[in-house]
Structures are given as structure tokens and as C-alpha cells.
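These are the residues of each chain, in order.
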Amino acid sequence: MTGRRMTGGLRAAALALMALAPAALRGQDLQALVDQLGAADATARSRAYSALLQRRAPEIVPLLAKRIASFPLDGQSYGVHLLQQQPFDHTRATWSQLVDGAVPFLRGAAAAMLLRNGEPAHAGVLAALLQDGAADVRQTLMNHVWGIADERVLAALRACVRAGQPGAIAVQALQHLVQQENGRSDATVAATALLADDPDHNLRAAALAYLVAAGENAHAPALAALLRAEPGQLWSVRTFLDHAARLDPAVVDAIAAALPRARPFDVGPTAQLLQRHAPDKAVAALRALLTGDNAELRAPALEALAAITGALDQKQLRELLDSSDVSQQLAAAATLRRMDDPSGLPVVITLLPRARGKKAEAARVLGGFRSRQAVPPLLDLLDDPDPAVRQAAWTGLQQIWRDLLPYRRFDFARAGYDPAATARAPGIAALRAFWERAGSERSNSDSGR
Amino acid sequence: VPRLAAPALLASWLAGCVAGCFAGSLVGQEPPTAASVTEPGRSLARPLDVVLGGAGSAVAERTLLVVVDPSPALAAAGFADAFAAAVQRHAAALGRTRLGLGVIGSKGCIAVPPTAEHQKVVDEVRARMQHASGEFQNVYADLRAAAAALANAPGERSLLLVSLGNGDVEDDVEQTAQALAKAKIATHLLTSEATLADSYWARMPQHDRPRGTTLTGADGAVIDLPWGWLFQITPANETTAAGFPVWGLARLAAATGGRVFQFASAKDTAHQCAVFATCLFCSGDHLSPDASWNEPLIAQLAPLACSRADTFTALGKDPFFRAMVDAWRAAAEAGLVHSAPAVRLSGTVATPDRPHPARDLDLTDSASFDRQARRADEAAARAQALGDQLQLQLERLDRDPGSPREKAAAHYTRVLLQLTRVNLLLFAAFCRETAPALFAKDAPVPLLPEIPAVDEGQRPAGIGYGNFGLCHGVKPFFDVELPGGKALRPELERLDALFTAFEERYGRSQFGSALRHNGIARFWVTFPGSVTKPPRVRPKSGSDTGGPVTPARPQRTGPGGGGGATGPTTGGG
């Protein structure tokens, strides 16, 4: 089933991409796409990367090996990501060639890849580049040093955590260190402590968050004050705080106070952080968001509350189905569905005509219900003027049919329907015909299939 | 209780407390259970704080031996760092404590004799964790050696065994318990959670093990829950967190006045709808109403932590256990379950019995669909008869006192008999209608996006099966197109009634979780595969050392499997 869903998801993503990409890009062959990674235009490089990422073509390896050294730095980085998609056995020779080459970033990225695959001899190359490479090379290399616990590399990363470095490099180095050192090491704590008063506020916030999470509670008042003054800093340093065994109450209060300034996708993880250290404060802060001014935060707040045992019961969620706020209704319906309560299904079906800007979300919520009732409205949404709505409905319909009709085999690619196409009516008619026949077989037969 | 909890939650919490107090009051009168020796929590820090910090405020003279079983999971959990930090934290309380280190698998067990120089122990723990191995180890033999070494140590004597994985390698638990008790060594355990009535090793009796040992691993001394139900891809006994450690370790704590602490890595606490099955009703975002655990209920359903002999004595007198064993044996004889109880019952006496093979209905290895359907119908009828019989017994017994655990196991058996009946009826309908239609010459061409389920020219060889998980309950299956169609509906409704009643009572316990780890079967036709002869492996000359080899512990797949984790858990960090 996982594989099946993944295939559906990939296909959906591919269709979405095809819809967004310019028509000229679709017909290009692999060689041309690889060449575009070296184009002068950054947008062209980015589009070529997205297209190649979807294809995952093994033939890309020799093409990249031949051309990657001539690309600009971000093109090289794209190339490295694409090579990482391929099985290591197929790319080992290319990595070995790159690590012995003359391009600093490629030497470092190849060393990192070889290191992760059991070739520790390359740690020195990577460590030297991290310490002494040009700033843009070091910054880009930071995206490729994940999962390396070699002490020489960790020492080089630690050397990046110091005043006078570009702040972004120091913060990224610290993020790698906190992962590899399971929260703290005395050496990293000592290096980071020197940044606790750094004039670069981003760097200072990261340093203080690292130290507090590592148990250095003397820095808690400074961190709390900084977060109070600049709540926006929390979103970039929260991952450090996720490692904290205990958090000072002042820091917890500052996090709770920052929550109304969160981006929607920050609400859930921040709520989890609060929940670990002060469950009552997490619930209070999330409840405040439900009635707060920022409408975009209400739905994620609701979902976060629903994930906390006892914070929101089904009765309260059912009451929210009657809310005048469509986002809240949808979030309540989706949350109830996740709790095995389908009472939100008719509400979602009813609100579809007035969902306006939330129609794609409504289609997504509807597609989450594995119910026959959801199928007719989803079939209607396949012809919605908004392509995002059509895509959500199509994805949901495929899930529902696969799950409710598990003894049937489907090939949705041959269904004749493409949400990105302008001529959709024949495909929709075929899908309706299938559903009608499936329904009549079910009602006419005592034995089903 | 959270300040904002609804009144219903408060009432439920109070009821839980009352149940917990009641369960606690029984501890003095009844044989010890795993609950009476197991501490709450799943962290590394708390057990170290409790054991190293010692009891009471006065700094007493103590000898504490920490016995470490250096496994990859323990190393990954950062035990060496946690231990070093705890020793530092409790430097004052350890002022008059001689600290020693034992290492499981090393000769004589003692690596650092008890000493006032605690840093030596910290350094040695760190060094030993560098060489963690995944081999089977007989912790009980090493604990007896440790008991002998510690017998004349001054002051209060205690031992902390830190072993996440080897409590299931038994040689003589009782002898070990007696040796530790005789030396007055309070034995604490830091270990991982077992799975409920774990059947893993019982299912693989021929697996290599250290000489003189038996592989067990269940939370109780006896596997008291039927395993290997027909058409279940993996026994729920092997994927359901028990709430308690393997019996042997709980037994040591109970016999010596020690405590059991359980460790779980945080990722093991996440909800997962289906372990080896497919979930039809969500995309991994289920907020199961039963995902949170009811600690007093889990405690009430704990296994006994007395000796294996005493466990048999107690179980033999338990009417629910006897009813469950009778139904299990009958189900095995009917081929409804692949295992038979390793227990012989005579009146109110239960004794160990060698495992008898269960009947094999041989339903899946051929494509004789008509014959298979007839066999399945007969087995389904037998499942109904056994289920009805057990139901009558339970209705009579429910008024009698009995072990809550064995009552839960008996009711679980009742539900599984109905689930197996449903799966057999599905199988029969699949054989009678679905499978032949796949190969019929006049079969209607499906409308796109549906395509033929088999490719042209394929010929059937047998029937394969998998499971659709029951995490969302039985009701959602009413909307699913299944073989048997409308005729199956009454049986699904009956299963739903039994399932719902069981989950209402046991949903937030290990038994409720076990039931949800079973599934509705999904069948498909299998085709002849090409057989490739495996390459012959020729031993290189001189490569055979001829000496004894400690067998490596295989990776168990499933929740928590995959190398670094500790297994499923009923509790969070």
C-alpha cells in the first residue's frame, strides 16, 4: 500500500509540475536538461533541476560527471543532489573522480558522500574545505555534510562556530553539531558560549538556544529576553530547543508569547515543544489562537490541540463544525475524521459551494474520508475552474477508490482525465460511468466481487 | 489532570485512581505481578537517578554494581553519557558508595571491582559501549557470577542490570533469583518493554541460541494468549507493547526487592495504524481514540512475577485461563490457529506441555478453488461453534472472580474466533466467485480506470493473503467492497459488536492494542514463479575455526525494529 500511495503521490506531484512548467520544458531531452543546470539564468537552472528530480533517470550519471565541473556553484549543488538520488554503487566512480578534481565545492561534496558510505579517508578533504574554503563554497557545502560524525569534520564545523564568521555558516554548523552530538558536547558548548553576546542577532539567538538546550541555564534569561523582543527569531532556533531536556519557565513563557506571530506551519512543532515542557501553557496558547486575530493560525491551532490528549474532545470539535469560519469547519471535520468520527463529512459537502478561497483545502479534506458519500462531490470538483481544486479532488478520488475497492486493479494514468488539461469532459464522463457501474454491481449482487 | 480537562475526563481519571489503589491493595495478598515491581516512565535519566541517588536522605554505606549489557541499542541511546551525568549529579549521595562495573559476556562478569573511585567506572562504561554487540548473551549466568562476587561486599548491596535485549535468553531464572536474594542484593533492572505474550521464539524453536539456554521473551512466565491465527500475517503477540519487561527480569526484581525501569527511544511511542498490514482508512494521520494508554488498566492486566511453577499453579485455578486454553486447543485442532497452548490442564492443575503441532488446513498452496472454498466453509462453521461455546462460558464466568489478565485473554480469543470466521468466509467467497471470475473467458471488460486484475495468459498457482488493519475498527469495512458482499455483512456486524465491546473495556490497554494489530484478510491469486538455484557456497580452506560461536541476534522487524530502537512501548519518555 505504501508503495502504491507513493506512486500516486509522485504521479500527482509530476502532474502538478507539468502544469506549472512552461510547455517548452516538457519536450527537452535529458542532455538538454543537464546542460541547463549550467545556464546563466538561475530560473532556468532551477527548472531544469526540478524536471530532472522528477525523472530520477539513471542515465543522468555520466552526463553530470562530464559537465558538472563547468556549472556555476548552485548548478553544481543541484548536480550533487541529483547524483545523490541514484544508488551509491552506480555513482561511486563519479564521486571518486570529483573528490580528486579541482573544483573545491565538488571535492567537498564528494568527500562527504564517500565518507557517509564508509570511506573515512576523505574526512581530511572535507574538513579542510569547511575551515578554509571560500565563503560561498563553505555555505553551500553546509547543505551536504549531514549524517557525518567523523571527529575531524566535527572539529571543522566547531571552528565555524566563532565570531567573525558569516552568521549563516556558523548557525548551520551549529545545527549539524547538535544533530551529530546528540544535543551537546563540551567542546561545542565552549565554542558557542563565546557567541552569546554576538552583535549578529540571528547568530546570537542560535547560540543562546543551543546553550539553553544543552543545559546551560545561565543563558536562559538572555534567550527569553531576545525572544520577547524579537519573536520571529524563534522559528529559526526552535530546532535547537527541541533537544532540551528541560526548559527554563522564562523561555517557555517567551515561546508561548511568540506563538501568535508564528507562520501556520510553525504552530504544530512549536506546540509540541511547549507541550513537552509546560502542557498547560501549550493548551492555553493554542486556545488563544483559536479566537485570535490571525485567521490563518486557527486551523493549525485546532489540529495541534486535537493532538493533545484531553485538550479538545470530540464534542468541542463537533461544535466547531457549526463555526462561521470555513477554515475552522474544515479543520474540525478533518480532525474528527482522524479520530474516526465522520460527522464532519456532510458539513464539508455542504460548505463546498461557499468555500471560495478554501475550496482546494475542502477538496483535500473531503478526499481524506474513505466514504462512498465523498465520491459524487469529488467527481463534480474534477471540473472546477481552479486547477488546485481539480488536483486535490483527483488525488482524493484515487485514494478513495483504491481503498474502498481493494479487489479492483486501477490504472489512473489511462483514465483519460488530466486535471491540468483543458479538455476534461470525456475523462470525467468515463469516471462517472465507472462509478455508476461499480455502484450497480454492489447493489445488484448478493456476493459483491 | 490537565486544568482544562473535561468533567468526563476527570471522572475517568478518578475511576482510574480508584482502580489503581484497588490493584495496589491486592499486591500484599496476591502473588507479585510485573506491575508491582515496574516503575513508570521510559527515560534513562530517572532509573539512574533513583538507583544511584539511593533511598532516603541519609548517605548510607553501599555497594552498587552496575552490570551493563552493551548492545547497539543501548549505545545509540547514549547510555554512557547518561551514566556519567548521573554519577556527577549524585556525587554527594554516592559519597559512601563503592561503585563497581559488571559487563555481560565478559569472563566472571566483573570488569571494575567495587571502588570509591567512581570515575574508573564511568570511563570503563564509556569504553565498553564502544564495543557494543548484537549477540545473544546469557545475562542470568553472569548475574549469578556477580552475586557470588558481591556476596561479602560491605553495606547495603544492590545491583543495576542494564540490558535492553537479552532478558529472553533464559537458563535458570529461579536459581539466579535465589542467588541474588541469598546474597541480599536488591536487583534493579533497566530494560526494554516486552511484547504481549511474545510468541517470536516459540514460533522459531530451532533458532540457534547459547548452549544450555531457552529463548522465551514473553512478559509472563507462560504464553497466555493464542498466537498464529489463520490469515493473520504476523501474530499480534509480536508487535504489541506489553507494558512490562520479559518475565525473567521482572522475576529477579520481585524476588530481590528490586525495581524494573523500562527504556524506550522517543520514536517508539508514535502511533502506527498497521504494523504488518495496510490501513484502508487513513494516510498515517490517525488520531486513535485509544492511542493514549490507561496506566491503571495496564497494571491490572499485568502478568504474574512469581516463579514459573507458581504461575502455573495460579493459572490452573483461573477459570478464564482454563476456558481460553480449551478454546485455543480446539481452535488449533480445527486449524484456526497455527499454535497450540504449551499447557496441559487437568482439573485445576496446569503443567507445562510440549508444543503440539496445530492442524494445517492447507488452504493456500493450490488453485483448486472449489475444494478450498468447501474447506474454508467447514472451518468457518467450526469457528462459529467454538466462538459460541466460548461466549456461553464467558457469560457464565464473567460473574466469577478471576484474573483480569486471563479474562481479557479469554475475551480476546472470543473476538479472534469471530474474526477468523469472517476471514474464512471472505476466503471462501474469494475462491468461489472472485478468483474464478478473474480467469473466466466471458468476463466483462472492466471500465477504465479499472483494468483486468490478472494479465492475459496467467494461470493461478495458489492464493496469497495480507491484512487490512483494524485500527479504525470494523465499521468502516461496511463501505468496502469485499468478497462475499451482502452475505458477509451480518458476520461483519457481529464482529463489529464483539470488537467494539472489547475495545470499550480494554481499548487503552495492551490487550486492546493487540486486537487492533489483527486484520481483515485480503486475498489474491498467486502465479508460478521462476525458481533460481542459489549459488553453492564453498567454505574456504582454513576458514572454519571449529570453535563455539555465540549466535547473533536476528533483527526483528516491526515497530521499533531496524537496529537502534527498543521496540513498541505503552509509555513515553
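To be clear, the structure that these remarks concern was listed above.
Rules used throughout
Residues numbered from 1 in each chain as written. Chains lettered and ligands numbered in written order. Predicted model: local features only at pLDDT ≥ 70, side-chain atom pairs only at ≥ 80, totals over all residues. Heavy atoms only, no water. Helix = DSSP H or I, 4+ residues; strand = E, 2+ residues; numbered from the N terminus. Buried < 20%, exposed > 50% of the residue type's maximum accessible area, 1.4 Å probe, protein only. Contact = heavy atoms within 4.5 Å. Areas by Shrake-Rupley, 256 points an atom, 1.4 Å probe, with all protein chains shown as cover. Lys, Arg positive; Asp, Glu negative; His and termini not counted. Charge placed at Lys NZ, Arg CZ, Asp CG, Glu CD. Buried area = accessible area lost by both parts, 1.4 Å probe. Salt bridge = Lys/Arg side-chain N within 4 Å of Asp/Glu carboxyl O. Polar contact = N/O pair within 3.5 Å; in protein donor to acceptor, adjacent residues only side chain to side chain. Pairing = 2+ DSSP bridges. Phe/Tyr/Trp six-rings, centres within 6.5 Å; stacked < 30°, edge-to-face > 60°. Core = buried A, V, L, I, M, F, W, Y, C linked by side-chain atoms within 4.5 Å. Axes fitted to C-alpha atoms, helices over the stretch in contact; angles between N-to-C directions. Parallel < 35°, antiparallel > 145°, perpendicular 65-115°, else oblique. Left-handed = near helix turned anticlockwise from the far one by under 90°. Nonpolar A, V, L, I, M, F, W, Y, C, P; charged D, E, K, R; others polar.

**Some thoughts on the overall build of chain B**
- The helix and strand inventory of chain B stands at 17 helices and 13 strands.
- Put simply, chain B has 573 residues, and 52% of those count as buried.
- Long-range pairs, those at least 24 residues apart, make up 82% of the contacts in chain B with a sequence separation of at least 6.
- As displayed, chain B has an accessible area near 24600 Å², and 54% of this comes from carbon and sulfur atoms.

**Regarding the overall build of chain A**
- The number of helices and strands found in chain A is 27 helices and one strand.
- In terms of overall dimensions, chain A has a C-alpha envelope of 75 × 55 × 40 Å along the principal axes.
- Buried positions account for 51% of the 449 residues belonging to chain A.
- Taking all contacts inside chain A whose residues are at least 6 apart in sequence as the whole, residues at least 24 apart take part in 60%.
- Carbon and sulfur atoms make up 54% of the accessible area of chain A, which amounts to about 19200 Å² in all.
- Positive and negative charge centroids in chain A, built from 49 and 44 side chains respectively, lie 5 Å apart.

**Considerations on the interface of chain A and chain B**
- In this complex, chain A contributes 45 residues to the contact, which on the side of chain B involves 48 residues.
- Summing both sides of the interface, chain A and chain B together bury roughly 4000 Å²; the carbon and sulfur share of this comes to 50%.
- The interface formed by chain A and chain B holds five salt bridges in total.
- Linking B:D285 and A:R337 is a salt bridge whose minimum nitrogen-to-oxygen distance equals 2.9 Å.
- Joining chain A to chain B, the criterion identifies 19 residue pairs in polar contact (both at pLDDT 80 or more).
- At eight residues, the largest contribution of residues to the side of chain A that touches chain B is made by helix α27 (residues 425–444) of chain A.

**Description of the pairing of strand β9 (residues 343–346) of chain B**
Residues and elements named next belong to chain B.
- By the bridge criterion, four bridges tie β9 to strand β10 (residues 349–352) in an arrangement that is antiparallel. Of the residues in β10, the one forming a bridge with L345 is A350.
- Between the end of β9 and the start of β10, which pair antiparallel, lie two residues, with G347 showing a positive phi angle near 60°.

**Digging into the pattern of salt bridges**
- Summed over all chains, the structure comprises 48 salt bridges over all chains.
- A salt bridge links B:E238 to B:R203; its shortest N-O distance comes to 2.7 Å. Taken together, the positions of B:E238 in the loop between β7 (214–215) and α10 (247–256) and B:R203 in helix α9 (residues 200–203) put the pair 35 residues apart, joining distant regions of the chain.
- In this structure, a network of salt bridges that share partners links the residues A:E151, A:R158 and A:E181.

**Quick look at the packing of aromatic side chains**
- In the structure shown here, the tally under the stated rule is 22 aromatic pairs over all chains.
- Seen in terms of ring centroids, A:W401 and A:W435 are 5.8 Å apart; in terms of plane orientation they differ by 20°. Their pairing is stacked. Separated by 34 residues along the polypeptide, A:W401 in helix α26 (residues 387–404) and A:W435 in helix α27 bring together distant segments of the chain. Residues A:W401 and A:W435 agree in their burial class; the two are buried.
- Taking 4.8 Å as the distance between ring centres and 45° as the angle between the ring planes, the aromatic pair formed by B:F502 and B:Y506 counts as tilted. Of this pair, B:F502 and B:Y506 both sit in helix α16 (residues 485–506), four residues apart, roughly one helical turn.
- Classification of B:Y506 by relative accessible area gives buried; the value is 3%.
- Among the aromatic residues, those joined into a cluster by ring pairs are A:W394, A:W401, A:F410, A:F412, A:Y417, A:F434 and A:W435.

**Observations regarding the nonpolar core**
- Core analysis: the biggest nonpolar cluster contains 276 residues, and A:L126, A:L286, A:W401 and B:I520 have the highest contact counts within it.
- The element contributing the most residues to this core is helix α15 (residues 404–439) of chain B, with 18 residues.
- Among residues more than four places away in sequence, those in contact with A:L126 are A:G108, A:A111, A:A112, A:L115, A:L141, A:V145, A:I148 and A:V153.
- Judged by nonpolar contacts, the second largest core, of 30 residues, contains B:V68, B:F79, B:L99 and B:L160.

**Let's talk about unusual backbone geometry**
Residue and element names in this part refer to chain B.
- Cis peptide bonds are those with omega within 30 degrees of zero, and the linkage from L448 to P449 qualifies with 15°.
- With respect to the helices and strands, P449 occurs in the loop between α15 and β11 (450–451).
- A positive phi angle, near 50°, is found at A197, a position not held by glycine.
- With respect to the helices and strands, A197 occurs in the loop between β6 (185–191) and α9.
- Unusually for a residue other than glycine, F231 sits at a positive phi of about 70°.
- Within the secondary structure, F231 sits in the loop between β7 and α10.

**Points about the packing of helix α12 (residues 167–180) of chain A against helix α14 (residues 201–213) of chain A**
Residues and elements named next belong to chain A.
- Across the interface, α12 lies against α14 with an axial gap of 9 Å and an inter-helix angle of 20°. The pairing of α12 with α14 is recorded here as roughly parallel in orientation. As for the relative orientation of α12 and α14, their crossing is left-handed in sense. Taking contact as the criterion, the partners of G167, A170, V171, L174 and V178 in α12 are, on α14, N202, L203, A206, A207 and Y210.

**With respect to the side chain of B:E481**
- Following the sequence through the fold, B:E481 ends up in the loop between β12 (462–469) and α16.
- In terms of polar contacts, B:E481 uses its side chain to reach the side chain of A:R408, at 2.8 Å.

**Quick notes on the environment of B:P296**
All names here are of chain B.
- Along the chain, the position of P296 falls in helix α11 (residues 295–300).
- Relative accessible area serves as the criterion here: at 22%, P296 is assigned to the partly exposed category.
- Measuring from C-alpha to C-alpha, the distance between P296 and T115 comes to 41 Å, with 181 residues separating the pair along the chain.

**Here's the deal with the sheet that holds strand β1 (residues 62–68) of chain B**
All names here are of chain B.
- With respect to topology, six strands assemble into an open sheet ordered β3-β2-β1-β4-β6-β8, the strand pairing being mixed. Looking at the sheet topology across the chains shown, the edges are occupied by β3 (110–115) and β8 (260–262). Across the sheet, the mean angle from the axis of one strand to that of its neighbour is 15°, orientation sign disregarded.
- Running at roughly 15° to strand β2 (residues 97–103), helix α6 (residues 118–129) makes contact with β1, β2 and β3 of the sheet.
- Sheet strands touched by α10: β4 (156–162), β6 and β8. Its angle to β6, the strand with the most contacts, is close to 150°.

**Let's talk about the packing of helix α5 (residues 79–89) of chain B against α6(B)**
All names here are of chain B.
- Here α5 crosses α6 at 170°, and the two axes come no closer than 9 Å. One way to sum up the angle between α5 and α6 is to call them roughly antiparallel. Listed contacts from α6 to F79, A80, D81, F83, A84 and V87 of α5 are H118, V121, V122, V125, R126 and M129.
- When its residues are assigned to classes, the contact of α5 with α6 shows nine nonpolar, one polar and two charged.

**Section: the pairing of β2(B)**
All names here are of chain B.
- Taken across its seven residues, β2 has six buried, putting it largely inside the fold.
- Bridge count between β1 and β2: seven bridges; the pairing is parallel. Paired with T63 across the strands is R98, a residue of β2.
- Between β2 and the antiparallel strand that follows it, β3, lie six residues; G105 among them carries a positive phi value of about 95°.

Just geometry here; none of it tells us what the structure is for.
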